[in-house]
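# Analysis of the macromolecular model
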Amino acid sequence: AQSVAQPEDQVNVAEGNPLTVKCTYSVSGNPYLFWYVQYPNRGLQFLLKYITGDNLVKGSYGFEAEFNKSQTSFHLKKPSALVSDSALYFCAVRDSGNTPLVFGKGTRLSVIA
Amino acid sequence: EPEVTQTPSHQVTQMGQEVILRCVPISNHLYFYWYRQILGQKVEFLVSFYNNEISEKSEIFDDQFSVERPDGSNFTLKIRSTKLEDSAMYFCASSDLGATTYEQYFGPGTRLTVT
């Protein structure tokens, strides 16, 4: 069975500094990995995905994530954080094209001006 | 840009009542999903639907739940007799069968409050 771990409940970073939100996964086959962001009282917005190919994937709003197969990780990164990036971030995994997503518990990112 | 829509945004109901949550998936998508998020907890899968039938469901999706695609656009989740623990945000999602598109697009959610 698939699982996702987001080890940090909260990440605090100063505006302009780089940010990293951590995610590790467990899946039986090839992983399909996703990051979603949730702003207050809003739904889940897709940020980026890794399906195959280049281990560094770029997504919306300047975010990127690096797939590391040996460490089974898919950490979300951004070179320079903005206050508007403050939100709840979810990592998710599935093991094939249209199977359900399995989500991590989420990491709250707080960017301080 | 096409998006998934959900109605209502907030539903308050009494325990034991039936509720129907409505979703309009993106028009060319063929897979549909319901997830829920209890306050402060992670998003959990309920059910997936393809070709007018359930393709997968979780253990949360018991006999009190049902899904339907009554016409070409709507996708509904019915809870027959609501319980206090059904209080949650319910998200609808859809995806297509394209070989290069695997992400699920989520609606804004319906907050269900059972009193």
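To be clear, the structure that these remarks concern was listed above.
All of the points below concern the structure found in this document.

The rules behind these values
- Residues numbered from 1 in each chain as written.
- Chains lettered and ligands numbered in written order.
- Predicted model: local features only at pLDDT ≥ 70, side-chain atom pairs only at ≥ 80, totals over all residues.
- Heavy atoms only, no water.
- Contact = heavy atoms within 4.5 Å.
- Buried area = accessible area lost by both parts, 1.4 Å probe.
- Salt bridge = Lys/Arg side-chain N within 4 Å of Asp/Glu carboxyl O.
- Polar contact = N/O pair within 3.5 Å; in protein donor to acceptor, adjacent residues only side chain to side chain.
- Helix = DSSP H or I, 4+ residues; strand = E, 2+ residues; numbered from the N terminus.
- Buried < 20%, exposed > 50% of the residue type's maximum accessible area, 1.4 Å probe, protein only.
- Phe/Tyr/Trp six-rings, centres within 6.5 Å; stacked < 30°, edge-to-face > 60°.
- Lys, Arg positive; Asp, Glu negative; His and termini not counted.

### Regarding the interface of chain B and chain A
- Chain B puts 20 residues into the contact, and the matching count from chain A is 21 residues.
- Together, the buried faces of chain B and chain A total about 1,700 Å²; carbon and sulfur atoms form 56% of this surface.
- Summed over the three residues of chain B that lose the most area to chain A, namely Tyr102(B), Glu103(B) and Phe106(B), the buried surface amounts to 34% of that side.
- Counting every contact that joins chain B to chain A gives 1 salt bridge.
- The tally of links from chain B across to chain A stands at 5 residue pairs in polar contact (both at pLDDT 80 or more).
- At the level of secondary structure, the elements contributing two or more residues to the side of chain B that touches chain A comprise strand S4 (31-37), strand S5 (43-50) and strand S9 (88-95) of chain B.

### Some points on the pattern of salt bridges
- Here the structure, examined in full by the defined rule, presents 6 salt bridges over all chains.
- Salt-bridge contacts for Lys49(A) lead to Glu103(B); the nearest nitrogen and oxygen are separated by 2.7 Å. Highlighted residues: Lys49(A) in strand S6 (residues 44-50) and Glu103(B) in the loop between S9 and strand S10 (105-106), drawn from two different chains.
- By relative accessible area, Lys49(A) is classed as partly exposed at 22%.
- Note that Glu44(B) is salt-bridged to Arg36(B), the shortest N-O span being 3.5 Å.
- With relative accessibility at 10%, the residue Arg36(B) sits in the buried group.

### Re the environment of Tyr32(A)
All names here are of chain A.
- Along the chain, Tyr32 falls in strand S5 (residues 32-38).
- For Tyr32, a relative accessible area of 15% translates into the label buried.
- Expressed as a C-alpha distance, the spacing of Tyr32 and Tyr50, which sit 18 residues apart in the sequence, is 5.9 Å.

### Remarks on the packing of aromatic side chains
- This structure, assessed with the given rule, holds 20 aromatic pairs over all chains.
- Summarising the aromatic geometry, the rings of Tyr36(A) and Phe106(B) are spaced 5.2 Å apart at their centres and angled 80° between planes, so their arrangement reads as edge-to-face. Here the residue Tyr36(A) occupies a position in strand S5, and Phe106(B) occupies one in strand S10, the pair thus bridging two chains. Of the two residues, Tyr36(A) and Phe106(B), neither departs from the other in class, the shared state being buried.
- With a centroid separation of 5.3 Å and an interplanar angle of 45°, the aromatic rings of Tyr35(B) and Phe106(B) are classed as tilted. Residue Tyr35(B) is found in strand S4, and its partner Phe106(B) is found in strand S10; the two are separated by 71 residues along the sequence. Each member of the pair, Tyr35(B) as well as Phe106(B), carries the same accessibility label: buried.

### Focus: the side chain of Asp86(B)
Residue and element names in this part refer to chain B.
- With respect to the element layout, Asp86 can be found in the loop between strand S8 (75-79) and S9.
- There is no salt bridge for the buried Asp86, and the closest opposite charge comes from Arg36, which lies 4.1 Å off by N-O distance.
- Here the side chain of Asp86 touches Lys83 through a polar contact of 2.8 Å, landing on its backbone nitrogen.

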